[in-house]
Amino acid sequence: MRVAIVGAGVIGLSTALCLHQQYHSLVPSLELEVYADRYSPHTTSDGAAGFWQPYLSDHGNLQETLWNKETFDYLLGHLGSPAAKEMGLFLISGYNLFTQPVPDPPWKNIVLGFRNLTPKELELFPGYSYGWFNTALMLEGRSYLPWLTNKLTQRGVKFFHKKVESFQEVFAQGVDVLINCTGIRAGELQPDPELQPGRGQIIKVLAPWVKHFIITHDIKSGIYNSPYVIPGSEFTVLGGIYQHGNWSEENSAQDHQTVWENCCRLLPALQKAKIVGEWSGLRPARPRVRLERETFHHGQLQAEVIHNYGHGGFGITIHWGCAMAAARLFGSILQEKKLPGPPQPRL
Amino acid sequence: MAAPKVAVVGAGVIGLSTALCITEACPSCSVSVLSDQFSPNTTSDVAAGMLIPHTYPGTPIHVQKQWFKETFTYLFAISNSAEAPEAGIHLVSGWQVFKNPPKEETPFWSDVVLGFRPMSEAELQKFPRHQFGQAFTTLKCDCPSYLLWLEKRLKATGVQMHTRKVEDLWDLHSEYNVVVNCAGIGAHQLVGDQELFPIRGQVLEVHAPWVKNFIRDGDGFTYVYPGIQRVTLGGTREKDIWSLSPDPGTTKDIFDRCCSLEPSLQKAQDVMVKVGLRPSRPSVRLQREVFSQGGLKLAVVHNYGHGAGGFSVHRGTAKEAARLVGECIAALQGSSSRAKL
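All values derive from a computational prediction rather than experimental measurement.

The rules we used
Residues numbered from 1 in each chain as written. Chains lettered and ligands numbered in written order. Predicted model: local features only at pLDDT ≥ 70, side-chain atom pairs only at ≥ 80, totals over all residues. Heavy atoms only, no water. Helix = DSSP H or I, 4+ residues; strand = E, 2+ residues; numbered from the N terminus. Contact = heavy atoms within 4.5 Å. Buried < 20%, exposed > 50% of the residue type's maximum accessible area, 1.4 Å probe, protein only. Buried area = accessible area lost by both parts, 1.4 Å probe. Salt bridge = Lys/Arg side-chain N within 4 Å of Asp/Glu carboxyl O. Polar contact = N/O pair within 3.5 Å; in protein donor to acceptor, adjacent residues only side chain to side chain. Disulfide = S-S within 2.5 Å. pLDDT = per-residue confidence, 0-100. Phe/Tyr/Trp six-rings, centres within 6.5 Å; stacked < 30°, edge-to-face > 60°. Lys NZ or Arg CZ within 6 Å of the ring centre and 35° of its normal. Pairing = 2+ DSSP bridges. Axes fitted to C-alpha atoms, helices over the stretch in contact; angles between N-to-C directions. UniProt positions renumbered as here; feature names shortened; annotations may be inferred.

### Details of the side chain of N68(A)
Phase 1: Looking at where N68(A) falls in the secondary structure, it is placed in helix α3 (residues 62-78).
Phase 2: With sequence-adjacent residues up to four places away left out, N68(A) is seen in contact with W52(A), P54(A), T317(A) and I318(A).

Listed below in structure tokens is the structure:
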């Protein structure tokens with residue numbers, strides 16, 4: 001059984017790993033192949049800071065909250081393992097800041113030590129009158145993607161540097177199941193007006209004295225349009241741009257100014273930080289994640305697609321829960337195909 | 001009296017911060033710092049500089065709390081300014097964990113640090129060998145940076161630094177009106193203080209930039225303190241041991257203990273080993289004294305014996321020492337004006 005995963009960001013690679021872990025011993029004929037035109041360090045996942053935190057509200061989408069929780073618990077379990085550093089995984093504490101009281105988020109019991117900020121803590125952030133403190137996780141794409149790639153390579157998964165132009169071209173090669181993890185460019189394989197870019201721009205600085213994440217929120221301007229500071233293992237990410245519908249991957253001087261000034265106002269100590277890079281990326285935004293099966297008929301044969309895209313600005317946050325859900329969908333495909341079980345004795 | 005001449009003996013965190021407080025309290029004073037060692041060769045340079053107070057059995061708690069609060073407030077303001085990276089001051093959050101329940105659930109300093117609260121069950125799961133814990137946010141001083149920053153500010157106000165080994169405070173009586181004794185462990189020899197003894201501490205400094213939270217075992221022996229460039233792993237508390245040579249067996253033991261608190265440290269690189277002698281005393285010696293020989297007098301202010309808690313209370317004790325220097329000067333001016341009559 002040939003399975004092609006299209007897309008090699010965090011979603012593609014983690015779905016591939018999850019599938020292999022769950023099914024390689026059950027389906028001896030299972031062959032996994034990854035197709036992508038961009039690999040680490042050139043994916044959207046590589047540019048992201050790698051900070052685990054869902055949006056403030058799940059809009060009643062309990063399923064996404066569960067996937068977020070599954071991901072957090074899965075990663076927490078790996079913290080003490082020797083692989084943690086190689087995965088780019090570590091704990092980080094910090095602040096979410098607001099200009100007015102807000103309801104607690106759906107993830108308050110998923111993260112560690114969630115509490116409101118004390119008045120003294122709020123003194124650190126003039127202009128913000130309310131906030132949260134908690135400990136969450138970092139999972140840096142620049143490390144996690146190569147780690148996933150290693151694990152997949154060890155398991156015999158093949159990688160192809162190729163831009164897939166259509167589902168049909170993949171099926172024509174004899175692939176039985178296609179996992180569509182194409183992120184922001186899913187629309188090129190199948191039009192999806194609900195999928196839009198949420199353009200972000202970040203500045204990378206050296207500021208090793210910053211040990212906390214600081215995410216500010218401006219309810220009026222929307223998620224990620226308010227300054228944020230996320231310290232990584234090598235550099236600190238400054239951000240605060242979310243432009244819905246903007247497809248440009250070029251850095252904008254105006255956005256640079258916005259991010260720099262806002263973050264320095266938030267954390268005066270940043271004025272002395274050395275800028276070491278800048279990056280723009282397109283969050284694959286969608287009202288909800290598209291995680292579902294689709295059956296294609298070509299000729300006499302039936303081919304299956306599992307869509308797993310549209311994770312917006314929370315791909316790393318939700319990735320493992322989605323990978324597990326995709327694996328369950330794969331299981332139901334196997335069920336339907338009534339694949340042979342263990343070898344029968346010869347009569 | 002013309003500009004009173006004040007000599008501060010010692011250039012660790014206590015000496016330098018005391019000198020700074022004296023220039024702030026007495027702008028007309030001429031202040032000099034005399035020391036045989038300057039950063040990076042002082043005891044302070046070895047310290048992790050975490051603002052977690054040490055409890056002095058011989059000092060009233062409300063006094064210790066006042067010292068800590070003043071120090072915390074002072075550094076908090078710096079940490080929130082553009083000077084923070086140069087001064088080496090930053091906030092850090094983390095956990096203090098206990099294998100056995102601590103004597104007091106809420107220490108005297110719990111309302112000075114930020115966000116102090118007991119750890120949740122979920123947080124404690126990360127520490128299977130520990131039953132109880134406290135979570136809070138405090139400040140850390142990167143000691144060499146902080147000392148350099150203090151030196152820079154002192155020089156900007158005209159304070160002279162002199163590399164000089166003072167064998168006897170009385171040697172200074174002809175050059176200075178007031179001598180401030182911030183000699184730390186050196187006071188053992190300098191003034192023959194039998195109550196002062198070293199508690200040797202060995203620490204490792206490693207490159208592990210993914211460690212963003214501190215972890216401290218409440219027994220005080222094992223701790224992981226992330227600094228600006230390096231993480232300090234500790235440590236030891238060896239009473240009456242004077243050796244400044246790193247011990248390889250101790251290095252391995254510290255590393256193993258810290259890895260059991262934070263397994264990812266196994267991948268730490270670039271281990272540096274340091275040793276310092278905490279200048280320990282039942283209480284900080286913070287008092288005036290008058291030396292006299294043959295009709296001549298020397299006003300002395302002692303500010304030493306901060307043991308494991310130097311950074312935590314340095315600004316508070318420096319301000320008190322500066323106040324005592326002011327008293328000495330007033331007394332000297334009083335007696336000199338009386339002499340004129």
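### Observations regarding the environment of A321(B)
Residues and elements named next belong to chain B.
Phase 1: Tracing the chain through its elements places A321 in helix α8 (residues 310-340).
Phase 2: Assessed through its relative accessible area of 0%, A321 is described here as buried.
Phase 3: Remark: the alpha-carbon pair of A321 and A19, spanning 302 residues in sequence, is separated by 9.3 Å.
Phase 4: Aside from chain neighbours lying at most four places away, what touches A321 is T18, L286, V301 and N303.

### Observations regarding the interface of chain A and chain B
Phase 1: Listed per partner, the contact involves 29 residues of chain A and 34 residues of chain B.
Phase 2: Of the roughly 2,800 Å² buried between chain A and chain B, counting both surfaces, carbon and sulfur atoms make up 63%.
Phase 3: For the interface between chain A and chain B, the tally reads zero salt bridges.
Phase 4: Seen at the junction of chain A and chain B, the total is seven residue pairs in polar contact (both at pLDDT 80 or more).
Phase 5: Breaking the side of chain A that touches chain B down by element, the ones donating at least two residues are β3 (89-98), β4 (112-116), α5 (119-122) and β5 (130-139) of chain A.

### Regarding the state of the cysteines
Residue and element names in this part refer to chain B.
Phase 1: A full pass over the atoms with the stated rule returns one disulfide over all chains.
Phase 2: What pairs with C26 in a disulfide is C29, and their sulfur atoms sit 2.1 Å apart. The sign of the S-S torsion, about 80°, decides the handedness of the disulfide formed by C26 and C29: right-handed.
Phase 3: A relative accessible area of 16% means that C26 is categorised as buried.
Phase 4: Free cysteine: C259, not disulfide-bonded; nearest cysteine sulfur from C258 at 7.2 Å.

### So, the environment of I215(B)
Residues and elements named next belong to chain B.
Phase 1: On the secondary structure map, I215 appears in strand β9 (residues 214-217).
Phase 2: Take I215: its relative accessible area is 1%, and that puts it in the buried class.
Phase 3: Counting along the chain gives 200 residues from I215 to G15, while the straight-line C-alpha distance between them is 29 Å.
Phase 4: Residues in contact with I215, not counting those within four places in the same chain, are W95, V97, F127, T222, Y223, V224, Y225, L261 and E262.

### A short note on the confidence of the model for chain B
Phase 1: Across chain B, pLDDT averages 96, with 98% of residues at or above 70.
Phase 2: Here the predicted complex scores 0.94 on pTM and 0.93 on ipTM.

### Overview of the pattern of salt bridges
Residue and element names in this part refer to chain B.
Phase 1: Counted under the stated rule, the structure contains 39 salt bridges over all chains.
Phase 2: A salt bridge links E24 to R315; the shortest N-O distance between them is 2.8 Å. A residue pair is termed long-range when its members are at least 10 positions apart, and E24 in helix α1 (residues 13-25) and R315 in helix α8 qualify at 291 residues.
Phase 3: A relative accessible area of 9% places R315 in the buried class.
Phase 4: Because the salt bridges share partners, they merge into one network encompassing E205, R230, D270 and K274.

### Remarks on the packing of aromatic side chains
Residues and elements named next belong to chain B.
Phase 1: Inspection of every chain in the model, using the stated rule, returns 32 aromatic pairs over all chains.
Phase 2: Ring centres 5.8 Å apart and planes at 25° place the aromatic pair F116 and F136 in the stacked group. Of this pair, F116 sits in strand β4 (residues 114-118) while F136 sits in strand β5 (residues 132-141), and the two are 20 residues apart along the sequence. The two residues F116 and F136 agree in class, both being buried.
Phase 3: Pairwise contacts between aromatic rings join W109, F116, F136, F214, Y223 and Y225 into one cluster.
Phase 4: Against the face of F197 rests K239, its NZ or CZ located 4.7 Å from the ring centre.

### Details of the environment of S260(B)
Residue and element names in this part refer to chain B.
Phase 1: Position of S260 among the secondary structure elements: in helix α7 (residues 248-261).
Phase 2: Judged by relative accessible area, S260 falls into the partly exposed class, the value being 39%.
Phase 3: Remark: the alpha-carbon pair of S260 and T163, spanning 97 residues in sequence, is separated by 43 Å.
Phase 4: At 2.9 Å, the side chain of S260 forms a polar contact with the backbone oxygen of R257.

### Side note on the sheet that holds strand β7 (residues 178-181) of chain B
Whenever strands of a sheet pair, they do so through backbone hydrogen bonds, lying parallel or antiparallel.
Residues and elements named next belong to chain B.
Phase 1: Strand order in the open sheet formed by six strands is β6-β2-β1-β7-β15-β14, with mixed pairing between adjacent strands. Among the strands making up the open sheet, the edge pair consists of β6 (160-163) and β14 (285-293). The average angle at which neighbouring strand axes cross in this sheet is 20°, direction not considered.
Phase 2: Inspection of the sheet shows β7 paired to strand β15 (residues 296-304) by four bridges, in the parallel sense. Paired with V178 across the strands is A299, a residue of β15.

### Here's the deal with the UniProt feature "domain: FAD dependent oxidoreductase" (unreviewed entry) in chain B
Phase 1: The positions that UniProt labels "domain: FAD dependent oxidoreductase" (unreviewed entry) are, in the present scheme, residues 5-324 of chain B.
Phase 2: As annotated, residues 5-324 of chain B has a helix share of 27% and a strand share of 31%, and its two end C-alpha atoms lie 15 Å apart.

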